[in-house]
Amino acid sequence: MRSCSRMLSDMEAEELLRFLTPDTRPDVKGQATEYLMGLSVNRDGCCFLRSQPDILVALVGLTSDPSVAIVKDCYHTLINLSAHETLHQVLVNEANVLPMLIKNLVEPDYMFAERICTILTNLTRHEKTCRTIFKVMQEGLSLSQLVDIFCSEGYNKLASLHYLGPLLSNLTQLPEARIYILDKERCVVQRLLPYTQYQMSTVRRGGVIGTLRNCCFDYNGTLEKQAADTAFCPYQPESSSSNSTFAHHEWLLSDAVDILPHLLLPLAGPEELTDEENEGLPVDLQYLPEDKKREEDSDIRKMLLETLLLLTATKTGRQILKKKNVYPIMREFHRWEKEPQVLSACEKLVQVLIGDEPQQGMENLMEVQIPDEVEEKLKDADAKEQQELQKEQEEKSKDKVGVGLIEEDR
């Protein structure tokens, strides 16, 4: 096979396409799929393949090839291609990759299901493609079925399906997906909460926490209204009470869900608190053992803090977090934490917990109208802070080795 150092001419692309058929000799077909995988690991190769939808269609077709090695190459190539936003529409609309992915994902013994989860996670990172995928999913995989598969460990004996976590997180950028997750009658949130401390996979754990964080965001209006404004919403809430996002906050913090211990426990350490401080905490956080470990992943710690901060957006939320004595946990966490961006998120939460209540009419922190000139100053200050944090991060990561795309694995 030709080297990947230069792109193919139109005639060479046609020749390659002839090798990507089910009837082609297995060894030749294997060389062709191996070559495509080599193209997919660099930007120029991805740009070339974006202009060759017929090759992508053939690649998708070969995911049903009898050769495991060929199918593996195809999925590795699709993972690499789906990592580039510029290829999303081509993969979805021209290569028609979604029906194949969804059909195989629900097969309990499909050995490449984990790779399918990764591809779908990549494709749903951006809202436009995410919305398309959400619509297509309803024809072969409802959100209800997706949650069932995610919560049924061992559903697929050949794949862990951990990447269903980030997929759920990406889908909940859509209001119609959040409607389903937050419906009080379906108890979906309660099924997801145990995974905030799932030790077998950082990916699964982070995906669930990302989902919870998305469900706590305010999007300037009720979830139901937003979903109604979109072209497609298959889920209607079974409970019509408390429509607004912030009413959901109160429900999430209530005994019906009890989200707070699940968000706090990963941030709590073995430090000894006073009896008074312990007694004010939720029961699950009282008198923790000396070997208690905090969440190891800094990105997940940051998401947990951001979720807690979102829950303080209303007066009711702030009152609950203060009543549940969250501050001592954050105080000890701040002393322990070393990552600048996580420390910054912690400090923002602590400021709300120890600060005075806003004046009347400004209790909802997400809806406070900020003068334009003040907003610009805040944006400038935030940008400066982010630059300083990024600089510190770069200094720390100079000696670290990055992980690239999937290359040949035979």
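Residues numbered from 1 in each chain as written. Predicted model: local features only at pLDDT ≥ 70, side-chain atom pairs only at ≥ 80, totals over all residues. Heavy atoms only, no water.

A. Seen up close, the overall build of the chain. Helix and strand counts for the chain stand at 23 helices and zero strands. Relative to its 410 residues, the chain shows a buried fraction of 49%. Look at the contacts in the chain between residues 6 or more apart in sequence, and 74% of them connect residues 24 or more apart. Carbon and sulfur atoms form 49% of the exposed surface of the chain, whose accessible area is close to 20500 Å². (Helix = DSSP H or I, 4+ residues; strand = E, 2+ residues; numbered from the N terminus. Buried < 20%, exposed > 50% of the residue type's maximum accessible area, 1.4 Å probe, protein only. Contact = heavy atoms within 4.5 Å. Areas by Shrake-Rupley, 256 points an atom, 1.4 Å probe, with all protein chains shown as cover.)

B. Spatial organisation of the packing of aromatic side chains. Tallying each qualifying case throughout the model produces six aromatic pairs. Note on Tyr 75 and Tyr 110: the rings are 6.3 Å apart at their centroids and 75° apart in plane angle, and the pair reads as edge-to-face. Separated by 35 residues along the polypeptide, Tyr 75 in helix α5 (residues 68-82) and Tyr 110 in the loop between α7 (97-105) and α8 (113-123) bring together distant segments of the chain. As far as the burial class goes, Tyr 75 and Tyr 110 line up, both buried. Residues Phe 150 and Tyr 195 carry aromatic rings whose centres are separated by 5.1 Å and whose planes lie at 55° to one another, so their mutual orientation is tilted. On the criterion of sequence distance, the pair formed by Phe 150 in helix α10 (residues 143-151) and Tyr 195 in the loop between α13 (188-192) and α14 (202-215) is long-range, its members being 45 residues apart. Take Tyr 195: its relative accessible area is 7%, and that puts it in the buried class. In this structure an aromatic cluster arises from ring pairing among Tyr 75, Tyr 110 and Phe 112. (Phe/Tyr/Trp six-rings, centres within 6.5 Å; stacked < 30°, edge-to-face > 60°.)

C. Focus on α8. With respect to burial, α8 is a largely interior element, ten of its eleven residues being buried. Those residues of α8 that fall on the buried side of the exposure criterion are Ala 113, Glu 114, Ile 116, Cys 117, Thr 118, Ile 119, Leu 120, Thr 121, Asn 122 and Leu 123.

D. Up close: unusual backbone geometry. A positive phi is found at Leu 161, a non-glycine position, where the angle reads about 60°. Position of Leu 161 relative to the elements: it lies in the loop between α10 and α11 (164-171). Here the phi dihedral of Tyr 287 falls at roughly 50°; this positive angle occurs in a residue that is not glycine. Within the secondary structure, Tyr 287 sits in the loop between α18 (275-280) and α19 (298-311). A residue is classified by how much of its surface remains accessible, and Tyr 287, at 47% relative accessible area, is partly exposed.

E. Just a negative patch on the surface, in detail. A surface patch of negative charge is lined by Glu 272, Asp 275, Glu 276, Glu 279, Glu 290 and Asp 291. Relative to the assigned elements, Glu 290 resides in the loop between α18 and α19. (Patch = residues over 30% accessible without salt bridge, like charges linked within 9 Å, V, L, I, M, F, W, Y side chains within 5 Å. Salt bridge = Lys/Arg side-chain N within 4 Å of Asp/Glu carboxyl O. Lys, Arg positive; Asp, Glu negative; His and termini not counted. Charge placed at Lys NZ, Arg CZ, Asp CG, Glu CD.)

F. Inspection of the packing of α8 against α11 at higher detail. Axis separation between α8 and α11 bottoms out at 8 Å; the angle between their running directions is 25°. When the axes of α8 and α11 are compared, the pair comes out roughly parallel. As for how α8 packs across α11, the hand of that crossing is left-handed. Facing α8, whose interface residues are Cys 117, Leu 120 and Thr 121, α11 presents Leu 164, Pro 166, Leu 167 and Asn 170. Class assignment for the residues of the contact of α8 with α11 results in five nonpolar, two polar and no charged. (Axes fitted to C-alpha atoms, helices over the stretch in contact; angles between N-to-C directions. Parallel < 35°, antiparallel > 145°, perpendicular 65-115°, else oblique. Left-handed = near helix turned anticlockwise from the far one by under 90°. Nonpolar A, V, L, I, M, F, W, Y, C, P; charged D, E, K, R; others polar.)

G. Broad picture of the environment of Leu 321. By the element assignment, Leu 321 lies in helix α20 (residues 315-323). With 61 residues separating them along the chain, Leu 321 and Leu 260 place their C-alpha atoms 8.1 Å apart. Leave out the neighbours within four places in its chain, and Leu 321 touches Leu 253, Leu 260, Leu 308, Thr 312, Val 326 and Leu 353.

H. Summary view of α19. An ideal rise of 1.5 Å per residue puts 20 Å on 14 residues; α19 measures up with 20 Å between its terminal C-alpha atoms. Buried within α19 we find Ile 300, Arg 301, Met 303, Leu 304, Leu 305, Thr 307, Leu 308, Leu 310 and Leu 311. Capping the start of α19 is the job of one residue whose side-chain oxygen sits 3.0 Å from the backbone nitrogen of Asp 299: Asp 297. (Expected span 1.5 Å × (residues − 1). Polar contact = N/O pair within 3.5 Å; in protein donor to acceptor, adjacent residues only side chain to side chain.)

I. Just the state of the cysteines, in detail. The full count for this structure, using the stated rule, is zero disulfides. Looking at the unpaired Cys 47, the closest cysteine sulfur is the one in Cys 46, lying at 8.8 Å. Accessibility expressed as a relative area gives 41% for Cys 47, which makes it partly exposed. In this structure Cys 215 is not part of a disulfide, and its nearest cysteine sulfur, from Cys 216, lies 6.9 Å away. The class for Cys 215 is buried, based on a relative accessible area of 3%. (Disulfide = S-S within 2.5 Å.)

J. Inspection of the side chain of Thr 33 at higher detail. Mapped onto the elements, Thr 33 comes out in helix α2 (residues 26-39). Overall, Thr 33 belongs to the buried group, its relative accessible area being 0%. From its side chain, Thr 33 meets the backbone oxygen of Gly 30 in a polar contact 3.0 Å long.

K. View of the confidence of the model for the chain. Looking at the chain as a whole, its pLDDT mean stands at 85, while 78% of the residues score no less than 70. Below pLDDT 50 for its whole length, residues 239-243 participates in eleven contacts with residues either more than four positions away or in separate chains. Note on residues 365-371: pLDDT is under 50 here. Beyond four places in sequence and across chains, it has 13 contacts. (pLDDT = per-residue confidence, 0-100.)

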